[in-house]
Amino acid sequence: MTVEQNVLQQSKSQKHQQTFLNQLREITGINDIQVLQQALKDSNGNLELAVTFLTAKNAKVPQQEEATYYQTALPGNDRYISVGSQADTNVIDLTGDDKDDLQRAIALSLEESNRAFRETGITDEEQAISRVLEASIAENKASLKRTHPEVWSDSPNPYDRKRQDSCPVGLKNVGNTCWFSAVIQSLFNLLEFRRLVLNYNPPASAQDLPRNQKEHRNLPFMRELRYLFALLVGSKRKYVDPSRAVEILKDAFKSNDSQQQDVSEFTHKLLDWLEDAFQIKAEEERDGEKPKNPMVELFYGRFLAVGVLEGKKFENTEMFGQYPLQVNGFKDLHECLEAAMIEGEIESLHSENSGKSGQEHWFTELPPVLTFELSRFEFNQALGRPEKIHNKLEFPPILYLDRYMHKNREITRIKRDEIKRLKEYLTVLQQRLERYLSYGSGPKRFPLVDVLQYALEFASSKPVCTSPIDDIDASAPLSGTVTTQTIPSTTEQQGPSSSEIPSTSPVQRSVIHKPFTQSRIPPDLPMHPAPRHITEEELSVLEGCLHRWRTEVENDTRDLQESISRIHRTIELMYSDKSMVQVPYRLHAVLVHEGQANAGHYWAYIYDHHQRRWMKYNDISVTKSTWEELERDSFGGYRNASAYCLMYINDKEQFLIQEEFNKETGQMLLGMDTLPPDLKDYVKEDNKRFEKELEEWDAELAQKVQQEKLLASQTPRMPAPSSAPVQAGEPEYLEQPSRTDLSKQLKEDSVRAITKALAEQEDRSPETVMQTAIKLEYARLLKLAQDDPPPECDYRLHHAVVYFMQNEAPKKIIERTLLEQFGDHNLSFDERCRNIMKVAQAKLEMIKPDELNMEEYERWHQEYRNYRETTMYLMVGLELFQKKSYMEALLYLIYAYQNNKELLSKGLYRGHDEELISHYRRECLLKLNEHAAALFESGDDQEVNNGLIIMNELIVPCLPLLLVDETEEKDIAAVEDMRNRWCSYLGQEMEPNLQEKLTDFLPKLLDCSTEIKGFNDPPKLPSYSTHELCERFARIMLSLSRTPADGR
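The model shown is predicted, which means the values in this text are computed figures rather than measured ones.

Novice: Looking at this structure, how should I read the overall build of the protein chain?
Specialist: Secondary structure summary: the protein chain contains 32 helices and 16 strands in total. Each of the 1048 residues in the protein chain was classed as buried or not, and the buried ones make up 47%.

The structure is reproduced here in structure tokens:
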């Protein structure tokens, strides 16, 4: 084994041990490294057992707690080494006697690790991690008993899955893989990282047969990651399936489909594998020089730990990848960093005689990509489970790191001392201000200026000469009170006289407290208390003193407030001088987690550096966003969402986000031009498969249109039917065989137009009468289309032509529709109409294919059928809602909203009021959620199961419908209300079986992808004639106008 490989394996050992310690620290909230190491040792690598040891009351605690301050000085310790780092071994050790024993222990540990690696290619630490993960999975299976996540089906219409122009490509959630999407999209949008992955070529020595298990795992993953990145670059699909890359990762994690991975854990593993893969390549390509690993160059930096232990100084340089930060107790990112960079009492760094211990961390080399892990989980000892920290934590779009750099440590120390002095002074001022604002010695306190004002008002009140109770006549009722004689009893009101009640036994009425009537002050009593006796001289002196004191207090309060504001401003500007804004890092990505510690959903906000805007990557959905939306979802303190990981990039390193240029022409390379030949071919093949899907879909639609054309061409040659009535109740437009689905009402309209035309025309020839009748019908329908009726009167339901006119359909479409109305066989009931029908049919046959696009004609009529269908979904849904049949109403309203949204996407007048449908759909879900929660709270097994069935089968599948549109704030707030209602049960005492059911259900509620799940077949619609449809629609809309709903 080469020296470089030996050093690499040493760093791997340190890294994986540190991964264990980081996991234990996050789960238990214990920061003492010796305690964590001892628990890990006692549990023989079993994470579950180690947690049990640490959370038990008799957990072992080292006697010398101050030793923890020295831990970063030890070569085996990597407090901040999170991923694949190569720690420096040139440690300055000043502890004295135990140096030889320590070095021998390290050498022995390395020898054992190297021996195991030579045999299996896997270190002992990796084997230990595997054991821990398997134990954790076994625990999850035993305690949670979760079912497999619901599979979200793709839309059968490939055009719904087609990429729009240059819109970024999403990633499909293939089963609790939102963590994968969030991290991969953040890294993919780093153009330098993208180039490294796309241009990666596996080493020649590993192409035939991988040398060990690590290569057998990493190289296939790199291949799948390259394919995935290539699809994200050039795919014609709206989103792509990452299953193949995810499966390799899941195999490594030894997890099942329904276990949700942690973002930081996955990022550690991902960068670890990438580092290994590039290290293999780097070692193959080196020419006697130390190989450079691009992953290390991109993601890893160094910091210097300087400290003192009992007067002895030490220094240690270490590498770090993802930098962990505690959130609890801090308000912004700088406060977190300050706390992470200083531990213990640091005065000893500048004093030779102090016996205190402490250490500082200083960045000596920052990576181009700097990632912060925000530790938002802590272990609740009382409840025995981890909990999420929802505290608000602010972070800036531009982060200046000059104050944390080693080269600036002297000036930073001076500024820190100055800030410390200012904060101490600030504390004194705030305490003094508090005495003015909360004056008094009792439990209730008031602003002193108000107390003085009240005293002044009391002194200035008109004196009274009597006691406040002496002037009240106790024998007479107070104003506002009523005696029993003045209140007629219920019996008296119903008829019998009061004489039926014996006079010797008066009715005893219970006293009812009426705060707004019984306690009314008598009109002759003064409104405020006043002094009994006060002379003019006393009043003058007192008023003068109180006025003067109040002015003094006001001035003092204002001076204190202004001083506090000045100090705050001074502290804020402490690092704003030019020398401290030379290391800018720009926020590139924010990974957000919504939910609780044991379940939730991840998405990412990523900055588009070229378009200068934020984008939201939420599985298959990629949408434009804003800094305001990012703040709302990422800072925390609002809802259950907060940032979990921040990715900053060096704002001066433009190569990170710079596009590629053609070396010969100098033109920018975009899309497929950025791909290597093998990946370009791969993407082209996938695009061909997708184009074939589109062609097959088009062919299927064309076949349907051809069948309808064939049916239409045969219709005029069919023998004229008798005037047999249509089956009662059938919706004629949807089900009648004629193209215009002529109803009785339309037939009457045609006959009326023909009759009127006959009355107006002297020329009674069928062709002239038909033309006049069509003009009259057209004028009538045009008037309806131009009217502005109330909501309950929708003329579009009366006739397709009204719908066409309002939506500016081509004139040829309207003309043919009217011709078909007058050419319908239902007009053959008498000779006069039959002749006109024949003329209309002849006109239809004369229309040449090039004069009218029949496919467009079919699309307009299909859209009108969809409109009427949507109207019926809405109408039935609202009727059921008013009957409080919320479960039945929900499905109708869902289909009404989805169909209506598709209609409105083509034009404003093609559908109904979207806000109206959205409101009742939302109300339906909220009422069902409330009902399900009440059933769960009952504790009865049957009712609990019924409540969870409502949630799993109705509520959870519908949540993506509310979340898919980020602009619908009311829908998003409703989802949060529903989630918060169920999350509130987490902290409550309940039966173990209820806790198990809740733990099983919550991930489904919280991990809602915005990908729409395919519902079952739509509910069956009742059959209505046009007259019935218009009448019922008017009735339901009128009832809504009488009871306006909140939010409409």
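Novice: Could you clarify how one ought to interpret unusual backbone geometry in this entry?
Specialist: For Asp 165, which is not glycine, the phi dihedral falls at a positive 50 degrees. Even without glycine at this site, Asp 619 takes up a positive phi of about 55 degrees. Checked against the element boundaries, Asp 619 lands in the loop between strand E14 (613–618) and strand E15 (621–625).

Novice: Explain the pairing of strand E8 (residues 369–375) here, please?
Specialist: On a regular strand, one side chain projects to one face of the sheet and the next to the other, so that they alternate. Counted residue by residue, E8 has 7 buried out of 7 residues, so it is predominantly covered. Taking every second residue as pointing to the same face, both faces of E8 are buried, with Val 369, Thr 371, Glu 373 and Ser 375 on one and Leu 370, Phe 372 and Leu 374 on the other. Note: strand E5 (residues 323–326) against E8, 4 bridges, orientation parallel. The residue bridging Gln 326 from the neighbouring strand is Ser 375, located in E8.

Novice: I tried to follow the pattern of salt bridges on my own but got confused; where do I start?
Specialist: Oppositely charged side chains can pair when the atoms bearing their charge come close. Counted under the stated rule, the structure contains 39 salt bridges. With a closest N to O distance of 3.1 Å, Glu 338 and Arg 416 form a salt bridge. Taken as a pair, Glu 338 in helix H13 (residues 333–341) and Arg 416 in helix H14 (residues 409–437) lie far apart in primary sequence, 78 residues in all. For the pair Glu 338 and Arg 416, one class covers both residues: buried.

Novice: Help me understand a nonpolar patch on the surface, please; the structure alone is not making it clear to me.
Specialist: Together, Phe 661, Met 668 and Leu 670 give the surface a local cluster of nonpolar side chains, amounting to about 300 Å² of exposed area. Relative to the helices and strands, Phe 661 resides in the loop between strand E16 (641–650) and helix H19 (677–714). For Phe 661, a relative accessible area of 42% translates into the label partly exposed.

Novice: Explain the nonpolar core here, please?
Specialist: Among soluble globular proteins, nonpolar side chains are generally buried collectively. One finds Ile 754, Phe 804, Phe 936, Ile 955, Trp 982 and Leu 1005 to be the most contacted residues of the largest nonpolar core, which totals 97 residues. Top element by residues in this core is helix H26 (residues 854–882). It accounts for 13 residues. If sequence neighbours within four positions are ignored, Leu 1005 has contacts with Met 951, Val 956, Leu 959, Met 978, Arg 979 and Trp 982. Of all hydrophobic cores here, the second largest spans 63 residues; its members include Phe 221, Val 240, Tyr 644 and Leu 675.

Novice: Even after reading the chapter, I still don't get the environment of Gln 326, so can you show me in this structure?
Specialist: Its place among the elements puts Gln 326 in strand E5. Judged by its relative accessible area of 39%, Gln 326 is partly exposed. Linking Gln 326 and Glu 373, residues 47 residues apart in sequence, is a C-alpha distance of 8.5 Å. With residues near it in sequence (within four places) discarded, Gln 326 still touches Cys 336 and Ser 375.

Novice: Explanation requested: the packing of helix H22 (residues 766–786) against helix H25 (residues 831–846) in the structure shown.
Specialist: Packed helices, taken two at a time, are described by their axes: the angle between them and the distance between them. Two numbers describe how H22 lies on H25: the axes approach to 9 Å, and their chain directions differ by 80 degrees. Judged by the angle between their axes, H22 and H25 are roughly perpendicular. Contacts from Pro 766, Glu 767, Val 769, Met 770 and Gln 771 of H22 reach H25 at Asn 835, Ile 836, Val 839, Ala 840 and Lys 843. Looking at side-chain class alone, the contact of H22 with H25 contains 6 nonpolar, 2 polar and 2 charged residues.

Novice: Would you explain the packing of aromatic side chains in this entry?
Specialist: The geometry of an aromatic ring pair is captured by the separation of the ring centres together with the interplanar angle, meaning the angle of the planes. All chains considered together, the criterion is met by 33 aromatic pairs. In this structure an aromatic cluster arises from ring pairing among Phe 303, Phe 320, Tyr 323, Phe 363, Phe 372 and Tyr 648. Between Arg 194 and the ring centre of Phe 188, over which it is positioned, the NZ or CZ distance is 3.9 Å. One cation-aromatic arrangement involves Lys 616 over Trp 603; the distance from NZ or CZ to the ring centre is 4.8 Å.

Criteria and cut-off values
- Residues numbered from 1 in each chain as written.
- Predicted model: local features only at pLDDT ≥ 70, side-chain atom pairs only at ≥ 80, totals over all residues.
- Heavy atoms only, no water.
- Helix = DSSP H or I, 4+ residues; strand = E, 2+ residues; numbered from the N terminus.
- Buried < 20%, exposed > 50% of the residue type's maximum accessible area, 1.4 Å probe, protein only.
- Pairing = 2+ DSSP bridges.
- Salt bridge = Lys/Arg side-chain N within 4 Å of Asp/Glu carboxyl O.
- Patch = residues over 30% accessible without salt bridge, like charges linked within 9 Å, V, L, I, M, F, W, Y side chains within 5 Å.
- Areas by Shrake-Rupley, 256 points an atom, 1.4 Å probe, with all protein chains shown as cover.
- Core = buried A, V, L, I, M, F, W, Y, C linked by side-chain atoms within 4.5 Å.
- Contact = heavy atoms within 4.5 Å.
- Axes fitted to C-alpha atoms, helices over the stretch in contact; angles between N-to-C directions.
- Parallel < 35°, antiparallel > 145°, perpendicular 65-115°, else oblique.
- Nonpolar A, V, L, I, M, F, W, Y, C, P; charged D, E, K, R; others polar.
- Phe/Tyr/Trp six-rings, centres within 6.5 Å; stacked < 30°, edge-to-face > 60°.
- Lys NZ or Arg CZ within 6 Å of the ring centre and 35° of its normal.

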